[in-house]
Amino acid sequence: MASLASNLVRTALIAGDRPALRLDDQVLTYREFHLRAAAVAGDLNARGIRPGDRVAISLPNLPVFPVLFYGALLAGASSCR
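It should be emphasised that the depicted structure is a prediction, and the values quoted were computed from it without experimental measurement.

Turning to the overall build of the protein chain, a few remarks are in order. The number of helices and strands found in the protein chain is three helices and four strands. From first element to last, N terminus to C terminus, the protein chain shows the α and β order α-β-β-α-β-α-β. C-alpha extents for the protein chain along the principal axes are approximately 35 × 30 × 25 Å. A buried classification covers 28% of the 81 residues belonging to the protein chain. Restricting to contacts in the protein chain with at least 6 residues of sequence separation, those with at least 24 account for 60%. Of the roughly 5,500 Å² of accessible surface on the protein chain, a fraction of 54% belongs to carbon and sulfur atoms. Placing the 9 positive and 6 negative side-chain charges of the protein chain at their respective mean positions leaves the two points 9 Å apart.

This is the structure in structure tokens:
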């Protein structure tokens, strides 16, 4: 079964130069989105976050929110319920 994280990885490979996130003049391509989310995942792993751990994110509607959210998913964390 595909996950949100695997969908991002696959889309970054297939359509890496296409816009993924836009806010005003800021644009992130799928490749940039994936690279930034992967960096977040690495940082979370370095801080001790392991698959199955829960990570809470509380931010306004900014392009950094999906980067952090997908970073947590790439690290194997799950969202809080």
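All chains considered together, the criterion is met by three aromatic pairs. Judged by centre distance (5.3 Å) and plane angle (75°), the ring pair of phenylalanine 33 and tyrosine 70 falls under edge-to-face. One end of the pair, phenylalanine 33, is in helix α2 (residues 30–46); the other, tyrosine 70, is in helix α3 (residues 64–74), with 37 residues separating them in the sequence. The class of tyrosine 70 is buried, set by a relative accessible area of 17%. An angle of 10° between the planes, with centres 6.3 Å apart, marks the rings of phenylalanine 65 and phenylalanine 69 as stacked. Taken together, the residues span about one helical turn, with phenylalanine 65 and phenylalanine 69 both in helix α3 at a distance of four residues. Judged by relative accessible area, phenylalanine 65 falls into the partly exposed class, the value being 30%. Under the relative-accessibility criterion, phenylalanine 69 is labelled partly exposed at 25%. Put simply, the rings of Phe33, Phe65, Phe69 and Tyr70 pair up and form one aromatic cluster.

Here is what the cut-offs are and how they apply
- Residues numbered from 1 in each chain as written.
- Predicted model: local features only at pLDDT ≥ 70, side-chain atom pairs only at ≥ 80, totals over all residues.
- Heavy atoms only, no water.
- Helix = DSSP H or I, 4+ residues; strand = E, 2+ residues; numbered from the N terminus.
- Buried < 20%, exposed > 50% of the residue type's maximum accessible area, 1.4 Å probe, protein only.
- Contact = heavy atoms within 4.5 Å.
- Areas by Shrake-Rupley, 256 points an atom, 1.4 Å probe, with all protein chains shown as cover.
- Lys, Arg positive; Asp, Glu negative; His and termini not counted.
- Charge placed at Lys NZ, Arg CZ, Asp CG, Glu CD.
- Phe/Tyr/Trp six-rings, centres within 6.5 Å; stacked < 30°, edge-to-face > 60°.

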